[in-house]
Amino acid sequence: MPENFEPKILAFFCNWCTYTAADLAGVSRMKYEPTTRVVRVMCSGRVDPQFVLDAFAHGADGVLIGGCHPGDCHYVEGNYKLLRRFRMLRRLVASLGIEPERLRMEWISASEGERLQKVVNEMTAQIKLLGPLELPERFREWDTELHEETFDKEREVVASGQ
Amino acid sequence: MDDKTIGNGSEEVRIGFFICHCGSNIAGTIDVEAVADYVRTLPNVVVSSDYKYTCSVAGQDMIVEDILKYKLNRVVVAACSPLLHEKTFRAATQRGGINPFFFHMVNIREHGSWVHQDRALATQKAMDMARGAIARVKFHKALEKRREPVRQSVLVVGGGIAGIHAALTMANAGKKVYLVEREPTIGGHMAMFDKTFPTLDCAACILTPKMSEVGSHPNIVLWSYSEVTEIKGYVGNYDVTVKRKPRYIKEDLCVGCLDCIDHCVFKTGNTDDEFNQNLSKRKPVYIPFAQAVPRLVAIDPAACTHLNGGKCEQSCATACDRQAIDFEQKETFEHIGVGAVIVATGFKPFDAHRKPLYGYGRFPDVYTALEVERLVCSSGPTGGDVVLKDGSKPKSVGIIHCVGSRDHQTNRWCSRVCCMYSLKLAHLLKEHTDAEIYNFYIDIRTPGKGYEEFYERLQEEGNHFIRGRVGDITDVPIIPEEEGRMIVRVEDSLAGFVRRIPVDMVVLATGLEPREDASEIRRRFNISCSSEGFFLERHPKLAPVSTTTDGVFLAGCCQGPKDIPDTVAQAGAAAAESLVLLDVGYVEMEPMTAFVTEKYCSGCKTCLPLCPFSAISRDEEKGVAVINPVLCKGCGTCVAACPSGAITQNLFEDRQIFAEIEELLVHA
Amino acid sequence: MGNKPKIAFYWCSSCGGCEESLVDMAEAIVELSTQIEIVLWPVAADFKKKDIEAMADGEIVATMLNGAIRTSEQEEMARLLRRKSQILIAYGSCAYTGGIPGLSNQFPREQLLKYVYHDAPSVVNPEGQDPQTEFHDAGRVATLPIFSEVVRSLDQVVDVDYYIPGCAPNPELVLDAIHALLSGNLPSKGTVLAPDIALCEHCPRLKTKPADIAIDEFKRPHQHLIDPNVCMLVQGFACLGPATRSGCGGACLKANMPCTGCFGPMSNVRDQGAKALCALASIVAGTTNEEIDSALDGIPDPVGTFYRYGLAKSMLRRKVNMEPTLSK
């Protein structure tokens, strides 16, 4: 593990609860780890499992999804729909060898700035223990077994009639 | 797709990036110049600059000028939260001559400088976030806000002083008001008070004229003994269902002569009188109090013999010469359409049983403050005679402050009104009984006009003030003077020792809590709660009566403990906000709705069960899903679930989010 | 003969089903043979690699290559055919998205070799021999291709012009593609040559799917009787039809089996498995973890269910933490 490993956590926060909680944490000057990169969505129900996998594939060490508490969704029940796909997604991600701690879903309401701080710090600490996921680097490593140099020095030259 | 020509056409994407110092709020932690320098190197970025206060007029003008000067067609601002200034900068973008949705905002203050300390890491994060925005804004499209007309009526939920004042304000402005109150009468808690602090006005004298005005106002439809059961729609166009519980009285026939009450087979009350805090009894057919509005009796189905299947001669019905009593009445539902909603559902007094050491329910002469309000009131259960349960007058009274407030075992918050009402009750009790009055307080909080002066007056009147949280109330005497009395045990933190004060009567200054069903109400109106359970305002300072749901406003103690003047002021503010909405006459709908691209839709029906607003239907002829943009609220749940990628959400398109994700993760 | 466009067919890591689908063109293939010259088709005729090597770059008009890429030999042939062809078509699910062989991206190479050469019940290997890439015997060297760690789709190795999906592709799609080739009427590069719309579009069972569907329980098709007229999802079978491109004619559903997704995603979808998972899980009943999990328990193998044909080309490509890993 590299020294001073600073995990990158891609966070999807719903506009009405968790994003607002993060704003509240800011207004209240609650300090937490600078590890999150937040994508604002209107509702956690917008979070497509493709986004989560894309984040991992592009170098996220963890993905955090924050939504409203059950029953509190600004859109009535978007968070339940997220919950259903999240329950399946975490099984899938686990079967593909990504530690479950790297994918986290939390209900954080607009008034829970403190909870947001705690969740980010906790997740950062957990991922620091796990070390980097570094999928882009792994993809590159996997592809070192290809033989472009041996078999094909001019791979891109034949432009297939285009 | 060619990076250079993404967007609404084939024009080259030209992005302007503006980063705000916010004085030292951002620049104190983030190296804004370094971020600006970095962003300047990113593709499509034409200009990148930093400014002291970007939200200022000069800052906005800079954006407008740069749009013109550099022929920008995209703008990214890194500053505070978009929830604060997104509108400001969208407007500036529009003033520069481009569609306001060619704008994106990066939150580097609330999510950056204010929560991080390491300058290098906070700067790194700001760079990452800026890069994400730059990548996403390339894919933004021009969007138009849709306008919808606003219905010229308002729903006020709750008929306490907050609801009454809001309803009257709206009605006097010429708007149609539906006031829905759960109890048989409006008036709320204020109607139960004897006097109001610090002026000692008679509560009924100032409240009941307003109540009658509500009852007779041509613009107000008052539905008491009713509850809102469902609310659908959106700002300006809410569809509301109101359940009208049966009061077993034909409202249009009852004139409030109260003959039925006199003729009830029960000659005296047979059930606890809630209005008098259960200190007296009332009959099954009753009116909550003399000045109740509407002046209509109600029959309590729990107490009425006939309604419980018992044998009763129904003398109340025969006594009514207007045949207004109708035992067959069933609950009915009213359906109304309103433009705005004011939620004024009030509070619940703290349940004193939760502090068992104070003996409430165990010692007969331990009262809550609201009970004492009724006791000192001349229309109360004793006609204003303050007497103990044994009929004697108390010679000394202890008032315990902060019961269920400022207490980590119960509620942490200060209920704001208890100090003042305790002082008021101290004054009234002294006036009525000439007893020695002991106030046991933690701090005396009197922040209001004339409040501190009132406190001084009480001190001059010879009341005792003992600083200390009371440990318990005991009836075990250790000296003869304590025999047969209650002893308040308290550490006097000014004197520095534990005292035992024998008293005949104890008043518990119970705090204010959210109502038991606050959570249910909150869900019904789609608003949020703060962690203690009071309804959450949109912004604690700048939008104190708005909620996160447009067109739903808050008034009174449902938002947090407050006294009558503050409640009335807030109710007026909620009415003013509603009036703005109604008088503008239209609402602009955010364009972030979803739409189906027909050629990609297989009609698989995956999206149909997902929309909580029933905005998605199926065109059976074409075999595709159709989203009604008027009903769509833009959550994006269907977009995520569409297995064909056939649904797009404006401003949250897949390609925008993918671009954002992927660029956020590239380390600058 | 010399003026007819040269076409090549080749197979890599595949089962042979794709070859069958070519044969399934039946009379049409005879008709075609008058218009094209087949220069390579190992399953049907004896062409030599050196003949291809001798060709000029771009001399072959089009190559249809089926099978995933798993060995050094397959990679070499893919690169060779890429060079020699104007148009390279990934033919069938394996070449398109890795296919069934891609599922072995859940296991390390050593584990696979150990199973196949030692542990499988049918193996007889008394000396415990492992395959070697080189074998020296009396001065001669016999070689075998290197079996790589990772299974790849064709476009993860070389540039691909078009894709024909399916396990195996439908003969009509192949004919359409060849006719388009011959007429020069080709869509833009990268196009998947199958309708860009999900299988549900023409599914006769769709009308039985209610608008308020909520799945209480997923069932496995081999454990239950399947009603031939009712939507598979209504019956609780994980049918990937909503998330899968059409073009197969609903072959599995006609045989009363749920769609397993072999035609891959629609063009607006980047990861078929993630989308299929999302679509199916979003309509699960229940609001608590327990209720939801109990419904999802009917899908014990999410990778095999959602990525049966697409793991190699999925966003994660492969199981991440495997011991032993390639390095680290």
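Thresholds applied
Residues numbered from 1 in each chain as written. Chains lettered and ligands numbered in written order. Predicted model: local features only at pLDDT ≥ 70, side-chain atom pairs only at ≥ 80, totals over all residues. Helix = DSSP H or I, 4+ residues; strand = E, 2+ residues; numbered from the N terminus. Rg over C-alpha atoms; globule rule 2.2 N^0.38 Å. Buried ≥ 20, exposed ≤ 12 C-beta atoms within 10 Å, placed from the backbone. Contact = placed C-beta atoms within 7 Å. Nonpolar A, V, L, I, M, F, W, Y, C, P; charged D, E, K, R; others polar. Axes fitted to C-alpha atoms, helices over the stretch in contact; angles between N-to-C directions. Left-handed = near helix turned anticlockwise from the far one by under 90°. Pairing = 2+ DSSP bridges. Expected span 1.5 Å × (residues − 1). Core = buried A, V, L, I, M, F, W, Y, C linked by C-beta atoms within 7 Å. Domains from an automatic or database assignment. Right-handed = clockwise from strand over helix to strand, strands pointing away. pLDDT = per-residue confidence, 0-100.

Enquirer: When you look at the overall build of chain C in this model, what are you seeing that I'm missing?
Expert: Of the regular secondary structure elements, chain C holds 11 helices and nine strands. Taken against the 2.2 N^0.38 rule, which gives 20 Å for 328 residues, the C-alpha radius of gyration of chain C at 22 Å falls within 12% of a compact globule. Judged by the C-alpha coordinates and their principal axes, chain C covers about 65 × 55 × 35 Å. The buried share of chain C, reckoned over its 328 residues, is 47%. For chain C, long-range pairs separated by at least 24 residues make up 75% of all intrachain contacts whose partners lie at least 6 apart in sequence.

Enquirer: Quick question: what am I supposed to make of the overall build of chain A here?
Expert: Looking only at helices and strands, chain A has six helices and four strands in total. Order of helices (α) and strands (β) in chain A, N terminus to C terminus: β-α-β-α-β-α-β-α-α-α. Its C-alpha atoms give chain A a radius of gyration of 19 Å, clearly above 15 Å, the size a compact globule of 162 residues would have. Taking the principal axes of its C-alpha atoms as reference, chain A extends roughly 60 × 40 × 30 Å. In chain A, which comprises 162 residues, the share counted as buried stands at 63%.

Enquirer: Mind showing me how you'd approach the interface of chain A and chain B here?
Expert: Interfaces are often sized by the amount of accessible area the parts lose when they come together. Across the contact, 43 residues belong to chain A and 42 residues belong to chain B. The set of elements that each furnish at least two residues to the side of chain A that touches chain B consists of α1 (18-27), β2 (36-41), α2 (49-57) and α3 (78-95) of chain A. For the side of chain A that touches chain B, the element with the most residues is α1 of chain A, which contributes six residues. Considering only residue class, the side of chain A that touches chain B consists of 20 nonpolar, 10 polar and 13 charged.

Enquirer: Which parts of the structure should I look at to understand the interface of chain C and chain B?
Expert: Chain C puts 22 residues into the contact, and the matching count from chain B is 17 residues. In terms of residue class, the side of chain C that touches chain B is built from 15 nonpolar, two polar and five charged.

Enquirer: What should I look at first to understand the packing of α2 of chain A against helix α9 (residues 272-282) of chain C in this one?
Expert: For the pair α2 of chain A and α9 of chain C, the least separation of the axes is 8 Å and the interaxial angle reads 145°. The hand of the α2 of chain A/α9 of chain C crossing is right-handed. Within the contact between the two elements, α2 of chain A uses P49, Q50 and L53 of chain A and α9 of chain C uses A274, K275, L277 and C278 of chain C. The residue makeup of the contact of α2 of chain A with α9 of chain C, split by class, is five nonpolar, one polar and one charged.

Enquirer: Can you help me understand the sheet that holds strand β21 (residues 396-403) of chain B in this one?
Expert: Hydrogen bonds between backbone groups are what pair the strands of a sheet, and the pairing can be parallel or antiparallel. Residue and element names in this part refer to chain B. The sheet built from five strands is open, its strands ordered β20-β27-β21-β22-β23 with parallel pairing. The open sheet has two edge strands, β20 (366-368) and β23 (464-467), and neither has a second partner. Here the strands of the sheet are splayed against their neighbours by 25° on average, with no regard to which way each runs. Direction of pairing for β21 relative to strand β27 (residues 505-510): parallel, over a ladder of five bridges. In the sheet register, I400 faces β27, and the bridge partner there is L508.

Enquirer: I'm lost on α3 of chain A in this one. Help?
Expert: All names here are of chain A. The first and last C-alpha atoms of α3 sit 26 Å apart over 18 residues, in line with the 26 Å expected at 1.5 Å per residue. For α3, the buried fraction is high: 14 of the 18 residues fall into the buried class. Looking at the residues trailing α3, positive phi occurs at G97, about 85°.

Enquirer: Teacher, can you tell me more about unusual backbone geometry here?
Expert: As a rule of thumb, non-glycine residues mostly have phi less than zero, and peptide bonds are mostly trans rather than cis. For the bond from V293 of chain B to P294 of chain B, the omega torsion is 0°, close enough to zero to count as cis. Relative to the assigned elements, P294 of chain B resides in the loop between β15 (285-286) and β16 (298-299). The linkage connecting C167 of chain C with the following residue, A168 of chain C, adopts the cis geometry, with an omega of 0°. Within the secondary structure, A168 of chain C is located in the loop between β9 (162-164) and α7 (171-183).

Enquirer: Could you clarify how one ought to interpret the nonpolar core in this entry?
Expert: Note on soluble globular proteins: their nonpolar side chains tend to be buried together. Counting residues in hydrophobic clusters, the biggest one holds 356 residues, and the most contacted among them are A130, I342 and L508 of chain B. Beyond its immediate stretch of four places on either side in the chain, A130 of chain B contacts F17, V35, V39, V76, A78 and V106 of chain B.

Enquirer: Help me out: how do you make sense of the environment of G98 of chain C in this one?
Expert: Residues and elements named next belong to chain C. Following the sequence through the fold, G98 ends up in the loop between α5 (92-97) and α6 (109-119). In this structure G98 comes out as buried when scored by C-beta crowding, with 31 C-beta atoms within 10 Å. For the pair G98 and E290, spaced 192 residues apart in sequence, the C-alpha to C-alpha distance is 35 Å.

Enquirer: How should I be thinking about the domain arrangement of chain C in this particular structure?
Expert: Residues and elements named next belong to chain C. What the domain assignment reports for chain C is domain 1 (6-101 + 150-183) and domain 2 (199-306). Put simply, the middle of domain 1 and the middle of domain 2, counted by C-alpha atoms, are 31 Å apart. The interface of domain 1 with domain 2 comprises eight residues on the first partner and seven residues on the second. Looking at the side of domain 1 that touches domain 2 element by element, the count peaks at three residues for α5. For the side of domain 1 that touches domain 2, the per-class residue count stands at four nonpolar, four polar and no charged.

Enquirer: For this particular structure, what's the right way to read the packing of helix α11 (residues 418-433) of chain B against helix α12 (residues 451-460) of chain B?
Expert: For any two helices packed against each other, one specifies the inter-axial angle together with the distance between the axes. All names here are of chain B. Interhelical geometry of α11 versus α12 gives an angle of 35° and a closest axis separation of 10 Å. α11 and α12 meet at a crossing whose hand is left-handed. Contacts between α11 and α12 pair M420, L423, A426 and H427 from the former with Y451, F454, Y455 and L458 from the latter. Residues of the contact of α11 with α12, tallied by class, amount to seven nonpolar, one polar and no charged.

Enquirer: Quick question: what am I supposed to make of the pairing of strand β22 (residues 436-441) of chain B here?
Expert: Each regular strand carries side chains that alternate between the two faces of the sheet. Residue and element names in this part refer to chain B. Within β22, five of the six residues are buried, which leaves the element mostly enclosed by the surrounding structure. Pairing of β21 with β22, which is carried by five bridges, proceeds in the parallel orientation. In the strand pairing of β22, G398 is matched with Y438. Read as a crossover between parallel neighbours, the route from β21 over α11 to β22 is right-handed. Examined bridge by bridge, β22 and β23 share four bridges and lie parallel to one another. Looking at β23, one finds that F440 is bridged to I466. Where the polypeptide runs from β22 across α12 and back to β23, its parallel neighbour, the crossover connection is right-handed.

Enquirer: Help me out: how do you make sense of the environment of K114 of chain C in this one?
Expert: Assignment of secondary structure puts K114 of chain C in helix α6. Sequence-wise, K114 of chain C and D130 of chain C are 16 residues apart; in three dimensions their C-alpha atoms are separated by 8.2 Å.

Enquirer: In this structure, what is going on with the confidence of the model for chain A? I would like to understand it.
Expert: Low pLDDT means the predicted coordinates in that region are not meant to be read closely. Per-residue pLDDT for chain A has a mean of 89; in total, 91% of the residues score no lower than 70. The low-confidence segment residues 154-162 of chain A (pLDDT under 50) makes 16 contacts with residues lying over four places distant or belonging to another chain.

Enquirer: Can you help me understand the sheet that holds strand β7 (residues 176-180) of chain B in this one?
Expert: All names here are of chain B. Taken together, five strands build an open sheet; the order of strands is β10-β7-β6-β18-β29 and the sheet is parallel. With one partner strand each, in any of the chains shown, β10 (220-223) and β29 (552-554) form the two edges of the open sheet. Sheet twist, expressed as the average angle between the axes of neighbouring strands with direction ignored, equals 20°. As paired elements, strand β18 (residues 340-343) and β29 share three bridges and run parallel to each other. By the bridge assignment for β29, V343 is matched with L554. In this fold helix α14 (residues 564-584) packs onto β6 (153-157), β18 and β29, with an angle of close to 175° to the strand it touches most, β18.

Enquirer: Which parts of the structure should I look at to understand helix α4 (residues 72-84) of chain C?
Expert: Along an α-helix, a turn takes 3.6 residues, which lines up residues three or four apart on a common side. Residues and elements named next belong to chain C. Helix length check: α4, at 13 residues, gives a terminal C-alpha distance of 18 Å against a target of 18 Å (1.5 Å per residue), a fit within 8%. In terms of burial, α4 is a largely internal element, 10 of the 13 residues being buried. If you check which residues of α4 are buried, you get S72, Q74, E75, M77, A78, R79, L81, R82, R83 and K84.

Enquirer: I keep staring at the environment of P447 of chain B and nothing clicks. Help me out?
Expert: All names here are of chain B. Following the sequence through the fold, P447 ends up in the loop between β22 and α12. Under the C-beta neighbour-count criterion, P447 is labelled exposed, with 9 such atoms within 10 Å. Sequence separation of P447 and M420 is 27 residues, and the distance between their C-alpha atoms is 9.4 Å.

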